[in-house]
Amino acid sequence: MMEGEAAAAAAAQLFESPEQMDSLALDEPSTAPTDRSNARSDPAAHPLSQSSSPRPSPGYDDAIVLSSPSSTRSRSPKSDSSFNSFLEPPSYAEAIFTSFDSSNVDANGNSSHNSQSGSSSEFLRISVSDPHKEQDLSNSLVPGGNYYYTYLITTRTNFPEFGGTEFSVRRRFKDVVTLADRLAESYRGFFIPLRPDKNVVEGQMMQKHEFVEQRRIALEKYLKNLASHPVIKKSDELRVFLQIQGKLPLPKTTDVASRMLDGAVKLPKQIFGESVGGAVDISEVSQPAKGGRDLFRIFKELKQSVANDWSGVKPAVVEEDKEFLEKRDRLQNFEHQLTDVSQQAEVLVKAQQDIGETMGELGLAFVKLTKFETEEALYESQRVRAGDMKNIATAAVKASRLYRELNSQTVKHLDKLHDYLGMMIAVNNAFSDRSSALLTVQTLISELSSLNSRIEKLEVASSKIFGGDRSRMRKIEELKETVRLTEDAKSCAVREYERIKDNNKNELERLDKEMNDDFFSMLKGFVVNQAGYAEKMADVWEKVAEETIVYGKESL
Amino acid sequence: MIATQQRTQSGSTQSPRSPSAQAPFLSVSVTEPVKLGNGVQAYVSYRVITKTNLPDYQGPEKIVIRRYSDFVWLRDRLFEKYKGIFIPPLPEKSAVEKFRFTAEFIEMRRQGLDLFVNRVAAHHELQQSEDLKIFLQADEDTMERARSQEASIFKRRPSDLMQMFKDVQAKVSDVVLGKEKPVEESNPEYEKLKHYIFELENHLAEAQKHAYRLVKRHKELGQSLSDFGKAVKLLGANEGNALGKAFSEVGGKSEMISFKLQEEAHNLLMNFEEPSKDYVRAVQSIKATIVERGNAFRHQCELAESVKLKEINLDKLMLMRSDRVGEAEIEYQELKAESEEATKRFEKIVHSMNEEIVRFQDQKTLDMGLAFHEFAKGQARLANSVASAWRSLIPKLDSMSNTRNSH
């Protein structure tokens, strides 16, 4: 708000140069350009998705925004007092919704949900700052050309697991991607907050430093979201990310090619269905098939899912939990409606911004007129009119500022909508964890059944030969071994599936409660905000109506 | 009707509107716009109701039907006859075709026409005009005839035609003689006034532009609140619990407030933006008068020049004892009379303008004061109803939130 303050003070001096007066209406506070550039630069990012303030802890913004008017009083002592007179101390209405808002967003910058674990004295505060440009020494085909940015991640916490209270590390965006991927693997079925988008710059409009700043804000928000998830905030992955100096000791996401090499070793095992050498790693079986490593398994699961879709016969295990299905459908509808509301919210915010701007421009035009009439006045009626115009101009400028403040608050409240849209994606991810786990189980079951039928056939054929058929007997033994392994894998997969189902259930409960809390406070915040600012505007205009009452038809 | 609300010092003969008083009054209202005709020839007609006790008028009340071009006729006549007076402006001639028959545009125009004719009726000189009497009283046929005759150039008096030719002649000779700058008054006060008027128009036009945009912004905000409200209500319907109800309430309020905004947009348009526009038009009318004054001044100067030349010529002839002296004497006298006439006309304009300027400033202070008052009142009214609408929701939200927490 600093630029806006200076401009307001400048306008207060009616005899400033026209350029400075121009700058009053056209000069946006530091909040607005960020909003607009965000909207332009990142099509993937919602305009509401970025905090409208560059400061890291949005919880304090309310107090700061509202207290800044009083700070200008000391700045320009010789300015026209009538302009400074509208920079009043916070009114009662302000006090009400200031305190309301800040109770919702605590010092963590996290939405305060009373965690069921009850340890409200535990905290985990993360901030992201100080972007540094660093040279990319590896893989540079263009010598000296590649560089990337690192960010300072500072953590303050009293979690015992960390064994420390304050520490910092430097991480780059790639590390964040790795963290996100590892979490996705370890916490299947959980509603894991989405990480910031990888890509990036919208054409010519955004400067590098704007992009870096945008990314810094997004990273901070992401880490804060992780830190407020009751389960994930305790994860090893997060702890390692936040605490371990130097290179991030989490396995990176490798590309398919190297996975292929990896998988090529194991491929013969899969192709021939035999356990060559050591046993198949059971836990790997229960992980989703991915990359080159599990090519064969992917094919099998694909075949299974196709079979599920096309066959009239239901697969052996099917999603039966009606409650879950209901909840899922409801959430889907909710997501649709929420998307609509979010879009309309965007339009509303723009309309509020526009009306504030135009009001300000109107005020400016009357300021100029006032100055003009005052300078050129030959008649008393002109001076009177100039006085009237000044009152209107003052009111219009005040109203314009009120609209701006209203809007920056509105953005913060309605931001919740966008947060929950992101949450819906996390929910969908968790649900697809569940269905892919189910698919794995189904695949293993049908594999078992086909193995068993092969065994049966071989036994039948073998029994027809007197004295047994040695090669067939051997084959049967091998198949029985595979069946044993597959049984184990199946149990593992079933366990995993049940685990994910459980996670889903708990998370759904958590979501329900948090959503209720969040949306209620969002609605109330929005309503209180609108009411409060409307009241302030009413005050401004009532004053002018009073000042011009002699002209009114009522006074005749 | 502003005839009885006049507060100028122009000495207008207005008095409180009590029928029992014998003080003279003349009040007019332009009402009931009706669209007539079809297609390209469609137009709007207005009922013009005149109430008066002036003797020159046919009775205490007269109603006629007039259309926009009738008003234009009246104004053109007044402009020609009453040079030096700032003739009240008319709402704009042409509009974008699409909006010509919208309720909003017609209402704006009606308001502007009502204002125009009332101002004419309230002006101490203009109200004497014969053309005004025709306008307010003549039957439609007479009016139509008068209007179409105006278009024809033969209606003009011969002296007018001569004047026009002379003007052209003068302009040509100016160019031939290399006189680049037209002859201007060397009156510093007048220069200041001209500069003031031209500057004022720029400032006012800008203010009016923003006023118009502000109207639009109100409409847009209203629309966005309505759409937002609808979407929020749908979201509420989907949820079906206490939260759902909360959403529905907020959505409903949003829609309601959207109406208030549309209302205020209309109020702003009629009572603030239009008066601002009217101010601009008034200034443009003054500019036209400035042009007329310039013409009159030049005319006066030229004639004065011609008289001097004629005088010299006459003296020459007299010295030469020419037999053309008599003729020349007559011509000289005629020209002298014309010159005096032109000087008188010019001086009348100057005198009128001086009075008019004072009147203008006073009137505009009142007009704009009222417009500002309405603007402020409207904004206050809007803000208060928005505030109370939202405030009324808060206890409801609180109780919904509490019932939710209690189970």
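None of these values were measured; they are calculated from a predicted model.

Another aspect to go through is the packing of helix α7 (residues 173-186) of chain A against helix α8 (residues 208-227) of chain A. How two helices pack is summed up by the angle between their axes together with the distance between the axes. All names here are of chain A. Their axes nearest at 12 Å, the elements α7 and α8 cross at an angle of 25°. Compared by their axis directions, α7 and α8 come out roughly parallel. Remark: the crossing between α7 and α8 carries left-handed chirality. Contacts from Phe-173, Val-176, Leu-179, Ala-180 and Leu-183 in α7 reach Arg-215, Leu-219, Tyr-222, Leu-223 and Leu-226 in α8. For the contact of α7 with α8, the class distribution of residues is 9 nonpolar, no polar and 1 charged.

Right, let's talk about the interface of chain A and chain B for a bit. Listed per partner, the contact involves 66 residues of chain A and 68 residues of chain B. A combined buried area of about 6,200 Å² lies between chain A and chain B, and 71% of that area is made up of carbon and sulfur atoms. Our count for the chain A to chain B interface comes out at 6 salt bridges. The partner of Arg-213 of chain B in a salt bridge is Glu-361 of chain A, and the shortest N-O contact between them spans 3.5 Å.

All names here are of chain B. Domain parsing of chain B yields domain 1 (26-151) and domain 2 (188-405). Taken over C-alpha atoms, the centre of domain 1 sits 20 Å from the centre of domain 2. Contacts between the two partners involve 20 residues from domain 1, matched on the other side by 25 residues from domain 2. Buried area between domain 1 and domain 2, summed over both chains or domains, comes out near 2,000 Å², and the portion from carbon and sulfur atoms is 54%. Broken down residue by residue, the surface that domain 1 buries against domain 2 is led by Lys-83, Phe-86 and Met-108, which jointly contribute 32%. Asp-278 is the salt-bridge partner of Arg-119, the closest N and O atoms lying 2.8 Å from each other. In this structure, the connection of domain 1 to domain 2 is made through 10 residue pairs in polar contact (both at pLDDT 80 or more). Elements with a contribution of two residues or more to the side of domain 1 that touches domain 2: α1 (68-81) and α2 (103-122). For the side of domain 1 that touches domain 2, the residue count by class is 9 nonpolar, 4 polar and 7 charged.

A separate point is the domain arrangement of chain A. All names here are of chain A. For chain A, the assigned domains read domain 1 (121-250) and domain 2 (322-554). Spacing between the C-alpha centres of domain 1 and domain 2 amounts to 22 Å. Between domain 1 and domain 2, the residue contacts involve 11 residues of the former and 22 residues of the latter. Between domain 1 and domain 2, roughly 1,300 Å² of surface is buried when both sides are summed, and carbon and sulfur atoms account for 55% of that area.

Turning to empty space enclosed by the protein, a few remarks are in order. A probe as big as a water molecule, rolled over the atoms, marks out the empty space that is left. On inspection of all chains with the given rule, the structure shows 8 cavities of 30 Å³ or more. Roughly 210 Å³ of internal volume is contained in the second largest cavity. Within the residue set of the lining of the second largest cavity, elements represented by two or more residues are α13 (322-376), α14 (380-463) and α15 (470-547) of chain A together with α6 (188-239), α7 (242-319) and α8 (325-406) of chain B. Counting residues per element, the lining of the second largest cavity draws most heavily on α8 of chain B, at 5 residues. Class assignment for the residues of the lining of the second largest cavity results in 14 nonpolar, 3 polar and no charged.

Right, let's talk about the packing of α1 of chain B against α2 of chain B for a bit. Residue and element names in this part refer to chain B. Here α1 crosses α2 at 30°, and the two axes come no closer than 12 Å. Crossing of α1 over α2 shows left-handed handedness. Residues Tyr-68, Phe-71, Leu-74, Arg-75 and Leu-78 of α1 lie in contact with α2, whose contacting residues are Arg-109, Leu-113, Phe-116 and Val-120. Taken together, the residues of the contact of α1 with α2 sort by class into 7 nonpolar, no polar and 2 charged.

Once that is clear, we can look at the packing of aromatic side chains. Inspection of the entire model under this criterion finds 22 aromatic pairs over all chains. Taken together, the aromatic side chains of Phe-366 and Trp-541 of chain A together with Phe-272, Phe-372 and Phe-375 of chain B make up a single cluster linked through ring pairs. Sitting over the ring of Tyr-190 of chain B, Arg-293 of chain B keeps its end group 3.5 Å from the ring centre.

Before going further, it helps to examine the nonpolar core. In this structure, Phe-366, Phe-519 and Trp-541 of chain A are the most contacted members of the largest nonpolar core, which totals 117 residues. Among the elements of the structure, α13, α14 and α15 of chain A together with α2, α6, α7 and α8 of chain B are those that each provide at least two residues to this core. The residues contacting Phe-519 of chain A, other than those within four sequence positions of it, are Phe-334, Leu-338, Leu-417 and Tyr-420 of chain A together with Leu-243 and Phe-247 of chain B.

What follows covers the sheet that holds strand β2 (residues 43-52) of chain B. Residue and element names in this part refer to chain B. Spatially, 3 strands are ordered β1-β2-β3 in an open sheet, and the strand pairing comes out antiparallel. With partners counted over all chains shown, the strands left at the sheet margins are β1 (26-36) and β3 (61-67), one partner each. Direction aside, the axes of adjacent strands within the sheet are offset by 20° on average. The pairing of β2 with β3 spans 7 bridges and is antiparallel. Of the residues in β3, the one forming a bridge with Thr-50 is Lys-62. Lying over the sheet, α2 contacts β1 and β2, oriented at roughly 155° with respect to β1. Relative to β3, helix α3 (residues 130-137) is tilted by about 90°, and along the sheet it contacts β1, β2 and β3.

About the thresholds
- Residues numbered from 1 in each chain as written.
- Chains lettered and ligands numbered in written order.
- Predicted model: local features only at pLDDT ≥ 70, side-chain atom pairs only at ≥ 80, totals over all residues.
- Heavy atoms only, no water.
- Axes fitted to C-alpha atoms, helices over the stretch in contact; angles between N-to-C directions.
- Helix = DSSP H or I, 4+ residues; strand = E, 2+ residues; numbered from the N terminus.
- Parallel < 35°, antiparallel > 145°, perpendicular 65-115°, else oblique.
- Left-handed = near helix turned anticlockwise from the far one by under 90°.
- Contact = heavy atoms within 4.5 Å.
- Nonpolar A, V, L, I, M, F, W, Y, C, P; charged D, E, K, R; others polar.
- Buried area = accessible area lost by both parts, 1.4 Å probe.
- Salt bridge = Lys/Arg side-chain N within 4 Å of Asp/Glu carboxyl O.
- Domains from an automatic or database assignment.
- Polar contact = N/O pair within 3.5 Å; in protein donor to acceptor, adjacent residues only side chain to side chain.
- 1 Å grid on protein atoms, 1.4 Å probe; cavity = no way out; pocket = protein on both sides within 12 Å on 5 of 7 lines; lining within 4 Å.
- Points joined across faces, edges and corners; volume = space filled by probe spheres on them.
- Phe/Tyr/Trp six-rings, centres within 6.5 Å; stacked < 30°, edge-to-face > 60°.
- Lys NZ or Arg CZ within 6 Å of the ring centre and 35° of its normal.
- Core = buried A, V, L, I, M, F, W, Y, C linked by side-chain atoms within 4.5 Å.
- Buried < 20%, exposed > 50% of the residue type's maximum accessible area, 1.4 Å probe, protein only.
- Pairing = 2+ DSSP bridges.

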